[in-house]
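What follows is each chain in one-letter form.
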Amino acid sequence: MTQSYDFIIVGAGSAGCTLANRLTENGRYTVLLLEAGGSDKKFWIHVPIGYGRLYYDRRVNWKYVTQPDKGLAGRADYWPRGKVIGGSSSINAMVYIRGQAQDYDDWERAGNPGWGYRDVLPYFMKSEGNARGGDAYHNDKGPLGVSDVEMHPTVENFYQGMREMQVPANPDFNGAVQEGYGPYQLTSKNGRRCSTARAFLDPARGRKNLTVLDHSDTRRILFEGKRAVGVEYRRNGQTHVARAGREVIVSAGAINSPQLLQVSGIGPAELLQRHGIDLVVDRAGVGRNMQDHLYFGFSYRTRKPTLNNELSDWVGQLWAGMKYVFLRKGPLAASINHAGAFVRTRAGLDRPNMQLYFVPATYGAGPTVAPLVPVTDNKNLKLDPFSAITINVSPCRPTSRGHLEITSSDPSVPPAIYPNSLSTDEDIQEALEGARYVRRAVTAPGLAALIEKELSPWPADDNDEDAIWRLRQTGRTTYHPTSTCMMGPGVDKTWGSCGAFSVCDGQ
């Protein structure tokens, strides 16, 4: 039997949950929300530090593995993406960062009216319910909970080191300026993760005009000519068809959205023809222009206890669990990134080019560099059994561009992901500057007083060739893939809206 709705939304992630709420709130439209994964009503999804237990959990995670990447010394990287109601907002590390104001203004100057910072700020504020209260940059009454974390004492050593590096203090990375060091806020509320499912979908679930179907794999978008009229999906072993009177909205993320478009006949003609897919629209840009932040990690044994000491054995885990269950406090309520900084690594820059993450813990830190071997079973991230910290550095505006493409006409077959990391001279230089910035910072008295020894090796003479090789051996995704369904002037004009079809990827 064919079902009919005004709107069909494919993907109940960051964008999909929000759209389902907004499109149903006036009661005029019927909406079907399809999600390939299952319910988000799982204990470890809602515990902030439960991130470590979701990292390899195939029940909530697509668990993508990239193709071997020349830019990462031939390694294949592991890309977790949410396969659950709430999408990646249900399994991520929850750091609440809006982005730099100048970057939005750059979008506007590139010919995108309405995308300047002054234009997008009201929407950030509308969605936000900040526990600190409202002001010129924040709202305390919106649905998306944002709150401070209970920071580990070693954060003060990081702060002192940043002061000694002449970095200004900044208690609010989402306020008037982003540059400086300070605490990270999380998308959490009352000690629990506040995913888009919790913030936007849960309040809408009682509406009669909203239908939410989990465990529903969208197989194809259906077209009449070049107009999208519905979708085919499978649920409980049965194939179903749903028709859309107004729009089909693809909000399946930076990996699944272009994959779905390609298997449905929208994409590079040669690729689609190679897999025997009938061409609807030849769009070379589908799956191209893929961007991602890399991070480079530096681990150090410390003279003071860290989260490793509190959570690496069952006694500490029991105590932390009791504190969380009864008080919604303690390390389980804080996730892993406690503090950070946005800094400029050289003179002449008009804005920060580097983001730092201070993590009072380590996962599998060791004295040698080992090639990344993607883990595809259901192991958890394990804390090391000794006192240690990690400082990660991530360049803010990478220029390398990757792509993805289907390997089969079967939508259940994962696409091939080609990150093309560190493929430009600019990105290599930025990575070097970021790494050397961290290595200078840890010699500042505040951090030096904390650190006992370095666990992650670095070339003894710090020459460029060996340093770049070390970065290629250890760089990894920061889990921010984007732009595979790009929009804007001067690009392949599939995006934004096309007839009754639109793409909306909330990363």
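One structure accompanies this document, and this report is about it. Nothing here was measured: the structure is a model prediction, and the numbers come from that model.

## Comments concerning the overall build of the chain
In step 1: The number of helices and strands found in the chain is 14 helices and 26 strands.
In step 2: Taking the principal axes of its C-alpha atoms as reference, the chain extends roughly 70 × 50 × 45 Å.
In step 3: Relative to its 507 residues, the chain shows a buried fraction of 56%.
In step 4: A sequence separation of at least 24 residues applies to 69% of the contacts in the chain between residues at least 6 apart.

## So, helix H4 (residues 101-109)
In step 1: Of all the residues in H4, the buried ones are Asp103, Tyr104 and Glu108. The buried residues of H4 occupy an angular sector of 150 degrees when the element is viewed end-on, so they sit on one face.
In step 2: Lining the buried residues of H4 we find helix H5 (117-127).
In step 3: Looking at the residues trailing H4, positive phi occurs at Gly111, about 105 degrees.

## Some points on empty space enclosed by the protein
In step 1: Summed over the entire model, instances satisfying the criterion amount to two cavities of 30 Å³ or more.
In step 2: Volume-wise, the largest cavity comes out at about 200 Å³.
In step 3: In terms of lining, the largest cavity is formed by 21 residues, of which the most central are Asp292, Leu294, Pro398, Ser421 and Leu422.
In step 4: Those elements giving two or more residues to the lining of the largest cavity turn out to be strand E17 (294-302) and helix H12 (425-441).
In step 5: Partitioned by chemical class, the residues of the lining of the largest cavity number 10 nonpolar, seven polar and four charged.
In step 6: Volume-wise, the second largest cavity comes out at about 40 Å³.
In step 7: In terms of lining, the second largest cavity is formed by Tyr96, Ile97, Arg132, Pro171, Asp172, Phe173, Asn174, Pro183, Tyr184 and Gln185.

## Here's the deal with the side chain of Asp384
In step 1: Along the chain, Asp384 turns up in the loop between strand E19 (354-359) and strand E20 (388-395).
In step 2: Within the structure, Asp384 has its side chain in polar contact with the side chain of Thr362 (distance 2.7 Å).
In step 3: The residues touching Asp384, leaving out its near neighbours within four places in the chain, are Asn308, Ser312, Thr362, Tyr363, Gly364 and Ala365.

## Examining the pattern of salt bridges
Oppositely charged side chains can pair when the atoms bearing their charge come close.
In step 1: Per the counting criterion, the structure on display carries 28 salt bridges.
In step 2: When the shortest N-O distance is used, the salt bridge between Asp77 and Arg476 registers 3.5 Å. With Asp77 in the loop between strand E3 (64-65) and strand E4 (78-79) and Arg476 in strand E24 (residues 476-477), the pair connects residues that are 399 residues apart, well separated along the chain. Summarising the burial analysis for this pair, Asp77 and Arg476 share the class buried.

## Describing a nonpolar patch on the surface
In step 1: There is a patch of nonpolar side chains on the surface, built from Trp314, Val315, Leu318, Trp319, Met322, Val325, Phe326 and Leu327 and spanning about 970 Å² of accessible area.
In step 2: Structurally, the position occupied by Val325 is in helix H11 (residues 314-327).

## So, the layout of surface pockets
In step 1: Roughly 720 Å³ of internal volume is contained in the second largest pocket.
In step 2: Considering the residues around the second largest pocket, the lining is formed by 39 residues, among which Ala36, Trp62, Tyr64, Ala252 and Asn256 are closest to the centre.
In step 3: Looking at the lining of the second largest pocket element by element, the count peaks at seven residues for helix H8 (residues 253-263).

Reading the values: rules and limits
- Residues numbered from 1 in each chain as written.
- Predicted model: local features only at pLDDT ≥ 70, side-chain atom pairs only at ≥ 80, totals over all residues.
- Heavy atoms only, no water.
- Helix = DSSP H or I, 4+ residues; strand = E, 2+ residues; numbered from the N terminus.
- Buried < 20%, exposed > 50% of the residue type's maximum accessible area, 1.4 Å probe, protein only.
- Contact = heavy atoms within 4.5 Å.
- Arc of directions from axis to C-beta.
- 1 Å grid on protein atoms, 1.4 Å probe; cavity = no way out; pocket = protein on both sides within 12 Å on 5 of 7 lines; lining within 4 Å.
- Points joined across faces, edges and corners; volume = space filled by probe spheres on them.
- Nonpolar A, V, L, I, M, F, W, Y, C, P; charged D, E, K, R; others polar.
- Polar contact = N/O pair within 3.5 Å; in protein donor to acceptor, adjacent residues only side chain to side chain.
- Salt bridge = Lys/Arg side-chain N within 4 Å of Asp/Glu carboxyl O.
- Patch = residues over 30% accessible without salt bridge, like charges linked within 9 Å, V, L, I, M, F, W, Y side chains within 5 Å.
- Areas by Shrake-Rupley, 256 points an atom, 1.4 Å probe, with all protein chains shown as cover.

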